[in-house]
Structure formats: structure tokens, C-alpha cells
Amino acid sequence: MKVIRAKDSCEAGAFAAELIAAQVKQKPVCVLGLATGSTPLDTYAQLIAAYRAGELDFSCVRSVNLDEYVGLGPDHDQSYAWFMWHNLFERINIDPHNTHIPDGITANPDAECQRYDALIASLGGVDLQLLGIGPNAHIGFNEPGDAFIPETHVVELTDSTISANARFFASVDQVPRQAITMGIRAILQARKVVLIATGTGKAKAVCDAFWGPVTPMVPASILQLHPDFTLVADDDALSLTPSSN
Ligand code: F6R
């Protein structure tokens, strides 16, 4: 595991964007695994700026997103499809046909999960997977549990995740209770993994995940086993790690 320490979320976003930019320049026809949430917003802003400056070309890039809420379609302003379109895709020259997100309003979620894994396989897997981390150390929506789940699957969101994400909805009751998430296998098979963690709210998750034992109760801990894993974290997110004490 490599750790890149940033002074704040803006700098963390810049560091992560540099890693993604290097990937796109090195292999223009690459597959990026993308995340939503507050954390990657600085990174996406940096990528948009690099595109506008003529430094980056996304025309051959393919993307697969980690997850989507069950019940929310792309027209819902809290769907992850909406998030990706407005925060990244419409502002760069990626071909919308090359962007992929699980279908949250499918009539058959189990079939959608199988389709998504087959899609990732057909793209040749993920070259660089960008991740955030939940306060409970989830990655994607792989929630703490008794076992790591390899496949894309429908997950019951935990109370911790529902309350963490309630800030985006009018009330906690409106947060969907289920999501479709990429499983641990596709994440671990990504050739590079970059996880961004910022803020004191992530400090315990970061400490448990990367300075504690590997366990499905701390889903991000599995990344300790990845051969090319980079943690990009700011001082606040690293404030509970042994090296910070
Ligand atoms: C989002 C995702 C989640 C988030 C995590 C952190 O696609 O997969 O794992 O990365 O919940 O969310 P934020 O960044 O909002 O704190």
C-alpha cells in the first residue's frame, strides 16, 4: 500500500486527479472505475479543468461506476447516474455510450447484477478503480458483514450508510434502502486502486481499514491485499493512524 498524504481535500483531489490523468495518458482506451459522493468532487473538478486546458482527452475512455440506488432512475437528482452526468460526464468529452452505471430501476435487479459483471468482464476489467470510503469502511456499497461478496449484488444499506447519505435527501425516510453495488472481486481485480479519504469523519474507518486486520466487518481492509493500492488521504483522515500519534 502506498500512502499519499494531502493537507486538505482539495489537495487530495489534485493528487488523485494526477493518478487518473496519468492512467488516461498512458492508455487512452482505458477503463476507469468511478465513484460518487462528496469525496471525488474535487478530483472530478481537477479532471474537468485538465480537459478544458487541453491536457486530457477522454474520447476513448470507458467508465464503470461502482453503484446505484435501487429505485432511482437517471432522471432522479439523487441517482448516481444523475450525479455522474452533472459532475463529470457532461463536462468532458467522454462518449456517453462508453459510460456504465448499474440500472437502479431495472425490473430484475439480480439479472442486472449479472449483466454488470459480464459487462465489466467484456471490457477487460478495470484499469484504475477510484474509491471513497464510508464511515463504516464500506467501498462501493459493500457493507460490513460476515463475508466479502465477490459479485455485483443487491445490498441492504446499513443504518450507518442511510444516515450518512441522508444529507443529500429531503429527509432520512427518502434515502433508498437498497443499492446495486459492484462486488469485491471486480474491485480487487482492478489493475490499480486509488482510494480517497478526507475529513475527520473518515479517520476511524481509515485507521481500521489500513492499520487493522483484514476482515469483512471492515470492507475496505481487503485493499491491503491489492498489489497496486494507493491511499490518498488528508491530514484529518489520517489523524488516528499510528504514524500520526
Ligand atoms: C459512492 C460509493 C461510496 C462512497 C462512500 C463515501 O459511489 O461507492 O462508497 O464513496 O459512501 O461517500 P462520501 O464521499 O460522500 O463521503
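See above for the structure.
Just so we're clear, the structure is a prediction, and the values are computed from it rather than from any experiment.

Participant: Just to check I follow, could you spell out the sheet that holds strand β8 (residues 178–181) for this structure?
Facilitator: Sheet strands pair by backbone hydrogen bonding; their relative direction is either parallel or antiparallel. Taken in spatial order, the three strands make up an open sheet running β4-β8-β7, and their pairing is antiparallel. In this open sheet, the two edge strands, each paired with only one partner strand, are β4 (67–69) and β7 (153–156). With strand direction ignored, the average angle separating the axes of adjacent strands in the sheet is 25°. For β7 and β8, the ladder comprises four bridges, and the chain directions are antiparallel.

Participant: Could you clarify how one ought to interpret the site of the ligand in this entry?
Facilitator: Taken together, 14 residues surround the ligand, and among them T39, D67, H138, G140 and K202 come closest. Here T39 contributes a side-chain N or O atom positioned 2.4 Å from an oxygen atom of the ligand. One nitrogen or oxygen atom from the side chain of K202 is found 2.7 Å from an oxygen atom belonging to the ligand. Relative to its unbound accessible area of 410 Å², the ligand is 95% covered by the protein chains. Counted by class, the shell around the ligand contains three nonpolar, eight polar and three charged residues.

Rules behind the numbers
- Residues numbered from 1 in each chain as written.
- Predicted model: local features only at pLDDT ≥ 70, side-chain atom pairs only at ≥ 80, totals over all residues.
- Heavy atoms only, no water.
- Pairing = 2+ DSSP bridges.
- Helix = DSSP H or I, 4+ residues; strand = E, 2+ residues; numbered from the N terminus.
- Axes fitted to C-alpha atoms, helices over the stretch in contact; angles between N-to-C directions.
- Near = heavy atom within 4 Å.
- Polar contact = N/O pair within 3.5 Å; in protein donor to acceptor, adjacent residues only side chain to side chain.
- Areas by Shrake-Rupley, 256 points an atom, 1.4 Å probe, with all protein chains shown as cover.
- Nonpolar A, V, L, I, M, F, W, Y, C, P; charged D, E, K, R; others polar.

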